[in-house]
Amino acid sequence: MAGSLTRHIPNTITCMNLFSGCIACIMAFEAHYKLAFLFIVIGAVFDFLDGLVARALKAYSSIGKELDSLADDITFGLAPALMVYTYLCGAAMPGPPAGAEKYIPYFAFLLAVFSALRLAKFNVDERQTSSFIGLPTPANALFWSSLIVGLAARQDISSIYTVVLIGLIFFFSWLMNAEIPMFSMKFRNLSWKDNKVVYIFLVVSIFLLIWLKIEGIAAVILWYILLSFLTARKK
């Protein structure tokens with residue numbers, strides 16, 4: 001009996017990730033960006049825990065793998081996409097052809113579409129056991145959710161920000177599925193030699209978070225991308 005209950009624990013935690021993502025979507029629709037960000041972070045914690053618990057209990061299942069991807073696309077794909085969509089609906093537009101401005105916010109949903117593609121590819125790609133190929137969806141979600149929280153707190157933002165955001169949507173959609181190695185945060189041991197990249201990443205990240213606070217998370221993700229590019233070129 002205990003064994004049959006144990007095997008359901010990881011999937012229950014995954015469902016809590018999905019539940020958090022659903023609440024984040026509602027908060028995003030209502031432009032409660034800080035709460036949406038909070039529930040995305042909570043979802044990320046559950047996403048970390050379900051794999052950890054599954055390994056500890058040896059409670060792996062094919063259903064769990066598929067459920068995890070479905071939950072992740074809501075929490076790390078749809079929820080941040082809705083935050084971007086809602087923000088763009090009220091943002092200054094750069095002067096597109098008359099009537100076109102109401103369609104620009106829909107570009108945000110490319111983030112959800114390409115997150116789903118990224119997750120599907122991850123499930124069948126056997127190369128991503130100790131590192132990543134392309135930007136992980138949680139990193140993408142943390143970038144966008146923290147960025148929108150920061151932008152929403154500012155007043156009278158120029159329409160140039162809208163142009164930059166659209167460009168970033170296309171860039172991150174591509175980056176999630178690009179054949180670019182991204183380093184993992186897993187420590188092999190505590191030695192500097194084997195974990196130099198991770199240590200450098202963490203030191204700079206702490207500085208960025210102290211300096212920029214919530215928006216520092218977006219800066220940390222950009223730093224992660226840059227450092228992954230630099231380390232990939234050296235290999």
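Residues numbered from 1 in each chain as written. Predicted model: local features only at pLDDT ≥ 70, side-chain atom pairs only at ≥ 80, totals over all residues. Heavy atoms only, no water.

Caption draft 1: Quick peek at the side chain of Asn11. Within the secondary structure, Asn11 sits in helix H2 (residues 9-29). Residues within four places of Asn11 in sequence aside, it is in contact with Ser61, Ile63, Gly64 and Leu67. (Helix = DSSP H or I, 4+ residues; strand = E, 2+ residues; numbered from the N terminus. Contact = heavy atoms within 4.5 Å.)

Caption draft 2: Fine view of the pattern of salt bridges. Scanning the entire structure with this criterion turns up one salt bridge. Taking the shortest distance from any N to any O, the salt bridge between Glu215 and Arg154 comes out at 3.0 Å. With a gap of 61 residues between them, Glu215 in helix H9 (residues 214-234) and Arg154 in the loop between helix H6 (137-152) and helix H7 (160-177) connect regions that are remote in the sequence. Relative accessible area serves as the criterion here: at 26%, Glu215 is assigned to the partly exposed category. (Salt bridge = Lys/Arg side-chain N within 4 Å of Asp/Glu carboxyl O. Buried < 20%, exposed > 50% of the residue type's maximum accessible area, 1.4 Å probe, protein only.)

Caption draft 3: The arrangement of the packing of aromatic side chains in detail. If you walk through the whole model with that rule in mind, you get 13 aromatic pairs. Between Tyr85 and Phe109, the aromatic rings sit 5.2 Å apart at their centres with planes inclined by 40°, giving tilted as the arrangement. With Tyr85 in helix H4 (residues 62-89) and Phe109 in the loop between H4 and helix H5 (110-124), this residue pair connects regions lying 24 residues apart in the sequence. By relative accessible area, Tyr85 is classed as buried at 16%. A centroid spacing of 5.9 Å and a plane angle of 35° characterise the contact between Phe171 and Trp174, whose relative ring orientation is tilted. Of the two residues, Phe171 and Trp174 are both situated in helix H7; the distance of three residues between them amounts to about one turn of the helix. The class of Phe171 is partly exposed, set by a relative accessible area of 30%. Of the aromatic side chains, those joined through ring pairs into one cluster are Phe143, Trp144, Phe171, Phe172 and Trp174. (Phe/Tyr/Trp six-rings, centres within 6.5 Å; stacked < 30°, edge-to-face > 60°.)

Caption draft 4: Just the nonpolar core, in detail. Counting residues in hydrophobic clusters, the biggest one holds 53 residues, and the most contacted among them are Tyr87 and Trp144. Elements with a contribution of two residues or more to this core: H2, helix H3 (33-57), H4, H5, H6, H7, helix H8 (192-212) and H9. Broken down by element, this core gets its largest block of residues, nine residues, from H4. Each residue touching Tyr87, except ones within four places of it in the same chain, is listed here: Tyr33, Ile148, Leu151, Ala152, Ile157 and Leu165. (Core = buried A, V, L, I, M, F, W, Y, C linked by side-chain atoms within 4.5 Å.)

Caption draft 5: How the structure looks around the environment of Ile157. Along the chain, the position of Ile157 falls in the loop between H6 and H7. Its relative accessible area of 19% is what places Ile157 among the buried residues. Separated by 65 residues in the primary sequence, Ile157 and Ala92 have C-alpha atoms spaced 7.2 Å apart. If we skip the residues at most four places from it in the chain, Ile157 touches Tyr87, Ala92 and Leu151.

Caption draft 6: Spatial organisation of the confidence of the model for the protein. Looking at the protein, pLDDT values average 87 and 88% of them are 70 or higher. Looking across the protein, the model is least confident in helix H1 (residues 2-6), with a mean pLDDT of 60, and most confident in H6, with 95. (pLDDT = per-residue confidence, 0-100.)

Caption draft 7: Inspection of the side chain of Ser69 at higher detail. Along the chain, Ser69 turns up in helix H4. Among the polar contacts made by the side chain of Ser69, one reaches the side chain of Asn123 at a distance of 2.8 Å. Residues contacting Ser69, with those up to four places away along its chain left out, are Leu119 and Asn123. (Polar contact = N/O pair within 3.5 Å; in protein donor to acceptor, adjacent residues only side chain to side chain.)

Caption draft 8: Geometry of unusual backbone geometry. The phi angle at Ala31 is positive, at roughly 65°, despite the residue not being glycine. Here Ala31 shows up in the loop between H2 and H3.

Caption draft 9: Broad picture of a nonpolar patch on the surface. Together, Ile160, Tyr161, Val163 and Val164 make up a nonpolar patch on the protein surface, roughly 340 Å² of accessible area in all. Mapped onto the elements, Val164 comes out in helix H7. The class for Val164 is partly exposed, based on a relative accessible area of 45%. (Patch = residues over 30% accessible without salt bridge, like charges linked within 9 Å, V, L, I, M, F, W, Y side chains within 5 Å. Areas by Shrake-Rupley, 256 points an atom, 1.4 Å probe, with all protein chains shown as cover.)

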